[in-house]
Amino acid sequence: MDPRFRFRSLSITAVTLTCTLLVSPAWAETARNVIVLIPDGQSQSVVKLARLYRDEPLAVDGILSGMVDTTMANSVITGSAAAGTAFATGYRTTEPHIGMAPRPYDVVSTYEPPAGVDWDTWAYRPLATVLEGAALQGKSTGLVATSRITHATPATFAAHVDDRSDEDTIMKHLVHQDLDVVLGGGYRHLLPRDAGGTREDGLDLEEVLQERGYHVVDHADELAGIHSGRVWGLFDHSHLMADLDRRYLLAHPHDHDPSRVDQARAQPSLADMTAKAIELLSPNPSGFFLLVEGSQVDWAGHDNDVAHALHDFLAFDDAVKVALDHARRDPQTLVIVVPDHNTGALSIGNWATSGSYTATTPEAVIEPVQGMQMTAGLLLDLLPEDPSDAELQDAVARHWGISLDANDLAAIRDEEPVRGLKRALIKVVNDRHTVFGWTTHGHTAEDVPLWSFGPGAPRGLMDNTGIAHSVARVLHLELDVTEPRGLNQRLFVDVQEAFPQARIDASGVQVDGWTLPNGTDLLLGEPGRCELEGITVHVPAADDGAGRTYIPAQAARILENPALWQRHCQVHRPTPGQRIRDRILDRLQGALPEQAAR
């Protein structure tokens, strides 16, 4: 058997049978467009609070359809990298892997690799995503987030690294994935250090984007003026502002540092970014795939900051409404809304309400947050580095409408050495001035809600990997790693096994005069430069730290038979919007030179 496809063939029949039983009934339902929206770290209590606060139904309320188990390969409590990978690839992995199979040494006792796959083949293997599969069908693709676009969740749909903190490599992957729309934060990862960025490799990826014909913008007004073409919009050096803080600064422009207000003006809302992404992606007659993340519900949960969580979830719900409005106009659109996990485990009801919970009124719940004009982070940013009790007391009264007494201030100072001032302030206010409780500053393991609408909408209780399989069914994608014609074997060939003569280092792969730079879609050789249908992925942690590298099967075919260069490099990817019939004709016309080359 070809070493590139080193899976036990005996199991393929069983796998195919299983897939047939699970998939065939849904093949009749097809979606042209898929929009996946993830409120990172959202708990069900945040939804309840948002409904009480808004005093009307939420966009998600009409499409509740199930629950999702969030377990990952090495813990019952998942992390965002593993959770996003499950949603994107259909396989559980270990934290902090992005778009990659798990490592073997710390998986939970109940975890096993897929049937027919051994650990030598499985560990650290890059895994194809539903976004990559959609792109290979000629669909337009997009990522939207309120974090850095290189953060864990958006990265899992278009990057493949063994450590989520390697955001410079993630950015390189995203730039070379031929995405059509990218909107969020994280501009610093495009640029080398000497240009104000973080990149140690000296690459200026903004130049790469411009060479490839993208609009590259950094202001909401610029984005609003673009109505066609491919766009990268990165509106902050790092993460975007919390929605509550952005709106506060826009409403009080004369009370604060002009540079901070200018920053708020530059950043679009999540709903605005979602609407613009749909506007730019939807003209493609082949359809589109869009991932939208409300990133900061999670950070609010880590801090136990109720106002931050509430308003970022409300901003996310506004984005859901934008997606649903499009789906109702275009019934060939599937919308899936699902948190990746719960963060903080917010409860409405805390120790202070233990003896009085049956007297909890809506006003008791919402009045404390109604007075909160900003997050705890911004409140403290506006104060001196080490604020006095009087300065803290004044700021909380002015910006949160809460009067701290001497006992409150003493409790904050007691907690400060352990938690830091921000979390100490939040804890004391939560415990003494609200009905809100939290169990942790980390993630928790409970199932999360699933909302869905459109053709093939998933329903019922499912594993987090079921999100990817639901998308794959309506797009007719094959995610099975043992399937020779599937996405995984099309996009990821093990170079060391297929080409033992290859020279591999941190920069890339060299085989018989050809070069494939790591993290790019490029094949370089004497005939010129070819943009491939996938990227070269180097995994430093694989093979006990020796590293392994994977290339698209398309590149492997050219390396085996250079006469195929013309066919593969002149028609290297489906043209966005190209009809299936035309793509088939392209392949048929290209088959003649390939047959001759054999």
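Check the entry above for the structure.
Just so it is clear, the model here is predicted, and its values are computed rather than measured. (Residues numbered from 1 in each chain as written. Predicted model: local features only at pLDDT ≥ 70, side-chain atom pairs only at ≥ 80, totals over all residues. Heavy atoms only, no water.)

**Structural notes on the overall build of the protein chain**
And step 1. The number of helices and strands found in the protein chain is 25 helices and 22 strands.
And step 2. Over its C-alpha trace the protein chain gives a radius of gyration of 25 Å, about what one expects of a compact globule, namely 25 Å for 598 residues.
And step 3. In terms of overall dimensions, the protein chain has a C-alpha envelope of 85 × 50 × 50 Å along the principal axes.
And step 4. Within the protein chain, buried positions represent 58% of all 598 residues.
And step 5. Contacts in the protein chain between residues at least 24 apart in sequence constitute 70% of all its contacts with a sequence separation of at least 6. (Helix = DSSP H or I, 4+ residues; strand = E, 2+ residues; numbered from the N terminus. Rg over C-alpha atoms; globule rule 2.2 N^0.38 Å. Buried < 20%, exposed > 50% of the residue type's maximum accessible area, 1.4 Å probe, protein only. Contact = heavy atoms within 4.5 Å.)

**Side note on the environment of threonine 198**
And step 1. Its place among the elements puts threonine 198 in the loop between β4 (181-185) and α8 (205-211).
And step 2. Sequence-wise, threonine 198 and tyrosine 187 are 11 residues apart; in three dimensions their C-alpha atoms are separated by 9.4 Å.
And step 3. Beyond its immediate chain neighbours, meaning those up to four positions away, threonine 198 contacts Asp168, Arg188, His189, Leu191 and Arg193.
And step 4. Polar side-chain contacts of threonine 198 include one of 3.0 Å to the side chain of histidine 189. (Polar contact = N/O pair within 3.5 Å; in protein donor to acceptor, adjacent residues only side chain to side chain.)

**Re the packing of helix α10 (residues 243-251) against helix α11 (residues 258-266)**
And step 1. One way to put it is that α10 packs onto α11 with a least axis distance of 9 Å and a crossing angle of 115 degrees. In this structure, α10 crosses over α11, and the sense of that crossing is left-handed. Contacts between α10 and α11 pair Arg246, Leu249 and Leu250 from the former with Arg260, Val261, Ala264 and Arg265 from the latter.
And step 2. Taken together, the residues that form the contact of α10 with α11 break down as 4 nonpolar, no polar and 3 charged. (Axes fitted to C-alpha atoms, helices over the stretch in contact; angles between N-to-C directions. Left-handed = near helix turned anticlockwise from the far one by under 90°. Nonpolar A, V, L, I, M, F, W, Y, C, P; charged D, E, K, R; others polar.)

**Description of the environment of cysteine 530**
And step 1. Within the secondary structure, cysteine 530 is located in strand β20 (residues 528-531).
And step 2. By relative accessible area, cysteine 530 is classed as buried at 0%.
And step 3. Along the sequence, cysteine 530 and glycine 294 sit 236 residues apart, while their C-alpha atoms lie 36 Å from each other.
And step 4. Setting aside its immediate chain neighbours within four residues, cysteine 530 contacts Asp521, Leu522, Leu523, Trp565, His568 and Cys569.

**Observations regarding the sheet that holds strand β5 (residues 215-217)**
And step 1. Reading across from one edge, β5-β6-β4-β3-β7-β1-β8-β13-β2-β14 is the order of the 10 strands in this open sheet, with mixed pairing throughout. A single partner strand is all that each edge strand has here, and the edge strands are β5 and β14 (460-463). Each neighbouring strand pair of the sheet contributes to a mean axis angle of 15 degrees, computed without reference to strand direction.
And step 2. Sheet contacts for helix α12 (residues 270-281): β1 (33-39), β3 (140-148), β4, β6 (231-234) and β7 (288-294); angle to β7, the most-contacted strand, approximately 175 degrees.
And step 3. Here helix α14 (residues 306-329) sits on the sheet in contact with β1, β7, β8 (333-337) and β13 (448-453), set at roughly 170 degrees to β1. (Pairing = 2+ DSSP bridges.)

**Topic: the packing of aromatic side chains**
And step 1. Here the structure, examined in full by the defined rule, presents 5 aromatic pairs.
And step 2. Between tyrosine 111 and tryptophan 119, the aromatic rings sit 6.0 Å apart at their centres with planes inclined by 45 degrees, giving tilted as the arrangement.
And step 3. A residue is classified by how much of its surface remains accessible, and tryptophan 119, at 27% relative accessible area, is partly exposed.
And step 4. Here tryptophan 514 and tryptophan 565 contribute two aromatic rings whose centre-to-centre distance is 5.5 Å and whose plane-to-plane angle is 35 degrees, an arrangement assigned as tilted. Of this pair, tryptophan 514 sits in strand β18 (residues 514-517) while tryptophan 565 sits in helix α24 (residues 565-570), and the two are 51 residues apart along the sequence. (Phe/Tyr/Trp six-rings, centres within 6.5 Å; stacked < 30°, edge-to-face > 60°.)

**Some thoughts on the nonpolar core**
And step 1. Ranked by size, the top nonpolar core spans 79 residues in total, and within it Leu37, Trp400 and Leu425 carry the most contacts.
And step 2. The element that contributes the greatest number of residues to this core is α14, accounting for 12 residues.
And step 3. Setting aside residues up to four positions removed in sequence, tryptophan 400 forms contacts with Pro368, Gly371, Met372, Gln373, Met374, Thr375, Ala376, Leu379, Ala395, Leu425, Ile426 and Val429.
And step 4. Of all hydrophobic cores here, the second largest spans 66 residues; its members include Leu136, Leu334, Ile336 and Leu477. (Core = buried A, V, L, I, M, F, W, Y, C linked by side-chain atoms within 4.5 Å.)

**Quick word on the pattern of salt bridges**
And step 1. Inspection of every chain in the model, using the stated rule, returns 32 salt bridges.
And step 2. In this structure, glutamate 531 and arginine 212 form a salt bridge, with 3.9 Å as the shortest nitrogen-oxygen distance. Here glutamate 531 is found in strand β20, whereas its partner arginine 212 is found in the loop between α8 and β5, with 319 residues between them in sequence.
And step 3. Residue classification places glutamate 531 among the partly exposed positions, given a relative accessible area of 21%.
And step 4. Residue lysine 321 is joined to aspartate 325 by a salt bridge in which the shortest nitrogen-to-oxygen separation is 2.9 Å. Of the two residues, lysine 321 and aspartate 325 are both situated in helix α14; the distance of 4 residues between them amounts to about one turn of the helix.
And step 5. You can call lysine 321 partly exposed: its relative accessible area is 46%.
And step 6. For aspartate 325, a relative accessible area of 26% translates into the label partly exposed.
And step 7. Each of Arg212, Asp521, Arg529 and Glu531 takes part in one network of salt bridges that share partners. (Salt bridge = Lys/Arg side-chain N within 4 Å of Asp/Glu carboxyl O.)

**A look at the state of the cysteines**
And step 1. Applying the stated criterion across every chain, the model contains 1 disulfide.
And step 2. The side chain of cysteine 530 participates in a disulfide bridge whose partner is cysteine 569; the two sulfur atoms lie 2.2 Å from each other. Taking the sign of the S-S torsion, -100 degrees for the link of cysteine 530 and cysteine 569, the bridge is left-handed. With cysteine 530 in strand β20 and cysteine 569 in helix α24, the pair connects residues that are 39 residues apart, well separated along the chain.
And step 3. Take cysteine 569: its relative accessible area is 15%, and that puts it in the buried class. (Disulfide = S-S within 2.5 Å.)

**A few points about the sheet that holds strand β22 (residues 548-551)**
And step 1. Pairing is antiparallel across the open sheet formed by 3 strands, whose spatial order is β15-β22-β21. Of all strands in the sheet, those with a lone pairing partner are β15 (493-494) and β21 (537-539), marking the two edges.
And step 2. The sheet contact formed by β21 and β22 spans 3 bridges and is antiparallel. Directly across from valine 539, in β22, lies its bridge partner arginine 548.
And step 3. Strands β15 and β22 of the sheet are contacted by helix α23 (residues 553-560), whose axis makes an angle of about 90 degrees with β22.

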